[in-house]
Amino acid sequence: MPTIVHGFDWPDRIVVGTIGQPGQREFYLQVRDGARLVSVGLEKQQSAALAEKIDEILDELSSREGTSLTIPTVTPVELVDNEPLEQPVEPEFRTGALSLGWDPTTAQVVIEAFPVVELDDDESEAFSAALAAAEADDDEAAVEIEVEAPELLRVRIPVGTARAFAARTHEVVGAGRPLCPLCGTPIDPEGHVCPAAPGLGEIGPDDLDDLFDGGRPDGRP
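By convention here, each chain's residues receive numbers from 1 onward along its written sequence. The predicted origin of the model limits local features to residues at a pLDDT of at least 70 and limits the giving and counting of side-chain atom pairs to 80 or more, whereas totals for whole chains, interfaces and linings rest on all residues. As a rule here, side-chain values cover all heavy atoms of the structure and leave hydrogens and water aside.

### Some points on the overall build of the protein
Helix and strand labels come from DSSP, where a helix needs a run of H or I of at least four residues and a strand needs a run of E of at least two; each type is numbered from the N terminus. Looking only at helices and strands, the protein features four helices and nine strands. Going from N to C terminus, the protein has its helices and strands arranged as β-β-β-β-α-β-β-α-β-α-β-β-α. Residue burial is assigned from relative accessible area. The probe radius is 1.4 Å, only protein chains are included, and a residue is buried under 20% of its type maximum, exposed over 50%, and partly exposed in between. Within the protein, buried positions represent 33% of all 221 residues. Sequence-distant contacts, at least 24 apart, represent 62% of the contacts inside the protein between residues at least 6 apart. All accessible areas in this document rest on Shrake-Rupley with a 1.4 Å probe, and a residue is counted as covered only by the protein chains that are shown. Put simply, the protein shows about 13100 Å² of open surface, and 50% of that area lies on carbon and sulfur atoms. Every residue pair with non-hydrogen atoms within 4.5 Å of one another is taken to be in contact.

Structural data, given as structure tokens:
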């Protein structure tokens, strides 16, 4: 069966957004072109890594000698997008892997999202055989087999949109539960008993300022 490609060459909008309260948020990558709307589920870590890698690509491009591209270092004002996800959010799939590239012919960043794929019996046997062979040879390299994804999301965006997308994604990822400055664990709204300082008892998000008179080490105001 041929792979279904949800392709967007010049989308009107691409964002990462969330549904749910801090600590229970679900992340989605959403793309719209006209009336066509596609959403796929993401993990928080995938969202953060995607934004980081996009910034790295843009920074590397801007540092190239002789480049004719103008790469914005911050989000262009006209591309700021703080609006929530568009409804309805009906994910096509849950993302298992992401790829990121650069198309010099169109000067666009290319994002591809692939679904979590369950192996059939033949693929499972092939993977087991490859893994057994690697173990027999004491080969610590990753074992890979080719599995055709039933569908994928492919989005091409220009550099300004890419920078705006990365900046918004960083903000969305960082807008969850505050981290405990002592142990790094997210603090739930109802409180958190820090394993690094159990004598403090239950710490709530509003208690952080009282713990550090010289300023909070997590950088939050």
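### Observations regarding helix α3 (residues 159–174)
Given a rise of 1.5 Å per residue, 16 residues ought to cover 22 Å, and the 23 Å separating the end C-alpha atoms of α3 matches this to within 8%. Restricting attention to buried positions, one finds in α3 the residues Val-159, Gly-160, Ala-162, Arg-163, Ala-164, Phe-165, Ala-166, Arg-168, Thr-169, Val-172 and Val-173. Of the surrounding elements, those touching the buried residues of α3 are β2 (13–19), β3 (26–33), α1 (44–62), β5 (91–103), β6 (108–115) and β7 (151–158). Given a helix with a known number of residues, its expected span is that number minus one, times 1.5 Å.

### Quick word on the pairing of β6
Burial analysis of β6 places seven of its eight residues in the buried class, the great majority of the element. With eight bridges joining them, β5 and β6 adopt antiparallel strand pairing. Its bridge partner being in β6, Trp-102 is matched across the sheet by Val-109. In short, DSSP must find at least two bridges between two strands for them to pair. The turn linking β5 back onto β6 is made up of four residues, and Ala-107 within it adopts a positive phi angle of 55°. Of the pairings in the sheet, the one linking β6 to β7 comprises six bridges and is antiparallel in character. Along β7, the bridge assignment pairs Gln-108 with Pro-158.

### Details of the pattern of salt bridges
Take a side-chain nitrogen of Lys or Arg and a carboxyl oxygen of Asp or Glu: if they are within 4 Å of each other, that pair is a salt bridge. For the structure on display, the rule yields 13 salt bridges. One salt bridge connects Asp-59 with Arg-163, and the closest N-O pair in it is separated by 2.9 Å. Here Arg-163 lies in helix α3 and Asp-59 lies in helix α1, a separation of 104 residues in the sequence. Overall, Asp-59 belongs to the partly exposed group, its relative accessible area being 39%. You can call Arg-163 buried: its relative accessible area is 5%. Across the pair Glu-112 and Arg-154 runs a salt bridge, and its minimum N-O distance is 2.6 Å.

### A look at the layout of surface pockets
Size it by volume and the largest pocket reaches roughly 260 Å³. What lines the largest pocket is a set of 16 residues, and nearest its centre among them are Leu-79, Val-80, Asp-81, Ala-164 and Phe-165. Secondary structure elements with two or more residues in the lining of the largest pocket: β2 and α3. Among the elements that line the lining of the largest pocket, the one with the most residues is α3, at six residues. Of the grid points, spaced at 1 Å and generated over the protein atoms alone, those admitting a 1.4 Å probe that cannot get out make up cavities, while open sets with protein on both sides within 12 Å along at least five of seven lines make up pockets; any residue with an atom within 4 Å of a point is treated as lining. Grid points are joined across faces, edges and corners, and a volume is the space filled by probe spheres set on the points.

Just geometry here; none of it tells us what the structure is for.
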